[in-house]
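# Architecture and fold: a report
Take a look at the letters that make up each chain.
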Amino acid sequence: MITKPLLPLMITLVMGFSLTLNAQKTFSPQQKEAQCSRIRAACHYAWNGYKKYAGGYDALSPISKKGKNWYGVSFLMTPLDAFDTFYLLGMKEEANEAREMVAAGMNFNVNQEVQLFEVNIRLLGGLISAYELSGDKRMIALAKELGMRLLPAFKSPTGMPWRYVNLRTAKTRDSISNPAEIGTYLLEFGKLTAYTHDSIYYRTAKKAAFEVYRRRSDIDLVGTTINIITGDWKNSESQIGARIDSYYEYLFKAWLLFGDTDCKQAWEIHNKAIKKYLLTEVPSGSYFTRVDMRSGRETHSLYGALDAFYAGVLALSGDTATASRIQKGNFHMWTTFNLEPEEFNFRNDSLLYPEYPLRPENIESCFYLYRKTHSQQYLLMGQRMIRDILEKCKTDAGFAGMKNVKTLEKADSMESFFFAETLKYSYLLFAPENTLDLNKVVFNTEAHPFKIIRK
Ligand code: DMJ
């Protein structure tokens, strides 16, 4: 029992403690710069590892210390994805090295089948932003050539693209696709239309996205997989993660980037349905569950690393109230496992898929929320997540994804999006805001910044 004379002392001590905590919670410009330096050093370390062991390849295998290509030839995924991150971080030498590697080594005139979606967001997106930041005409020439070689993928009975296209022969393959791999071209193809003065690019990308949109259910949701020949849904589970995520993101961002009001309307209709049927409150935060696209009934309370992006899109759209509740859930997912898993069940915190391939989405959402609210909690969340990545994922040659967030067994993989997105958003969270003005640029889904040309 606390005696009366001791009470004022206790109150002073408790208040003093919480004041100290609050004081610690406000990041000074020096503390922010220290975070930026840490990210720059990590970026430098990973790039040196790539150059030493994997220079010229698509990516570094950070445990076996070897280079790895996605296909029979290299498309220099890492240098191209990394260029604009180096540029924004003020790493001029590295930015030049990466750009020269791309200019000297990129060749799209190859008899090689590629996955349309990945090549679009990483390569076409990387080339467009490289041009817009550096003015290097070689980058836009490569972008135009790649765009031309990707177009045949959209020749299908519905206008929805095949998943794979051969860059030289234009042969296409794989008709079972998904909203993300069908609807994530609006930004890159819209930019190509602006730079080529040929409307075919944006028209084609928009037709594909709206072929998905017009097949939405009566309750305005889309499913996970669809046949691009018949237009029939193959998997009617609706969610906001893998295979759907950037379809929603691009409808909203095509409005931001180009002022396309059709896209704005489609985004608003989908967003309303997503919030009505998928958004679920539990004590640890808000999450998006999975439901049947027609009935709206829950199929699985599964959430994961990819789903975490939606808080960022909502924050960017101005809905910071919903976004902050989702970010509470995102951070709970991270801290429950001390690195986020690919999938977990948010109703009982059980681990469903333990991988962590160095994904950015949780930090990306912190970045948008911080820019929109300036609440220090997002800096604290970011600081914690960045610390976990830099400490737990570091190897002798770079940074490695995790096979298992519980056992901390590493995977021999450092995805190029670690440079393009994870390190970039980590840096921008703490960097002075004029490093990147969100009123002037929109990020594509691989975090390549595109200049707004909204009319
Ligand atoms: C990136 O390639 C893109 O952000 C994509 O939209 C989803 N997955 C990865 C990063 O996790």
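Residues numbered from 1 in each chain as written. Predicted model: local features only at pLDDT ≥ 70, side-chain atom pairs only at ≥ 80, totals over all residues. Heavy atoms only, no water.

Tallied over the full model, the rule gives 33 salt bridges. Glu-132 is the salt-bridge partner of Lys-191, the closest N and O atoms lying 2.8 Å from each other. Of the two residues, Lys-191 is situated in helix α8 (residues 186-196) and Glu-132 in helix α5 (residues 116-134); the sequence distance between them amounts to 59 residues. By the burial criterion, Lys-191 is buried, and Glu-132 matches it. Asp-319 is the salt-bridge partner of Lys-275, the closest N and O atoms lying 2.5 Å from each other. Highlighted residues: Lys-275 in helix α11 (residues 261-278) and Asp-319 in the loop between α12 (310-316) and α13 (320-337), separated in sequence by 44 residues. Residues joined in a network through salt bridges with shared partners are Arg-99, Glu-100, Asp-136 and Arg-138. (Salt bridge = Lys/Arg side-chain N within 4 Å of Asp/Glu carboxyl O. Helix = DSSP H or I, 4+ residues; strand = E, 2+ residues; numbered from the N terminus. Buried < 20%, exposed > 50% of the residue type's maximum accessible area, 1.4 Å probe, protein only.)

Sheet architecture is open: three strands sit in the order β14-β15-β16, paired in antiparallel fashion. Edge positions in the sheet fall to β14 (302-303) and β16 (350-353), since each has one partner strand and no second. (Pairing = 2+ DSSP bridges.)

Another point: the packing of aromatic side chains. What the rule picks out here adds up to 34 aromatic pairs. For the pair Phe-86 and Phe-419, a centre-to-centre distance of 5.9 Å together with 70° between the ring planes defines the contact as edge-to-face. You can see Phe-86 sitting in helix α3 (residues 77-88) and its partner Phe-419 sitting in helix α16 (residues 417-430), a full 333 residues away along the chain. One exposure class covers both Phe-86 and Phe-419, and it is buried. Measuring from ring centre to ring centre gives 5.3 Å for Tyr-247 and Tyr-248, while their planes differ by 50°; the resulting arrangement is tilted. We note that Tyr-247, like Tyr-248, is buried. Members of the aromatic cluster, connected to one another through ring pairs, are Tyr-45, Trp-47, Tyr-50, Phe-86, Phe-399, Phe-418 and Phe-419. The aromatic ring of Phe-210 is capped on one face by Lys-206, whose charged end is 5.8 Å from the ring centroid. (Phe/Tyr/Trp six-rings, centres within 6.5 Å; stacked < 30°, edge-to-face > 60°. Lys NZ or Arg CZ within 6 Å of the ring centre and 35° of its normal.)

Now for the site of the ligand. Surrounding the ligand, one finds Ile-121, Arg-122, Leu-306, Arg-359, Pro-360, Glu-361, Phe-417, Glu-421, Thr-445 and Glu-446. Arg-359 is positioned with one of its side-chain polar atoms (N or O) 2.7 Å from an oxygen atom of the ligand. Note that an oxygen atom of the ligand is positioned 2.6 Å from one of the side-chain N or O atoms of Glu-446. Contributing elements (two or more residues each) for the shell around the ligand: α5 and α16. By residue class, the composition of the shell around the ligand is four nonpolar, one polar and five charged. (Near = heavy atom within 4 Å. Polar contact = N/O pair within 3.5 Å; in protein donor to acceptor, adjacent residues only side chain to side chain. Nonpolar A, V, L, I, M, F, W, Y, C, P; charged D, E, K, R; others polar.)

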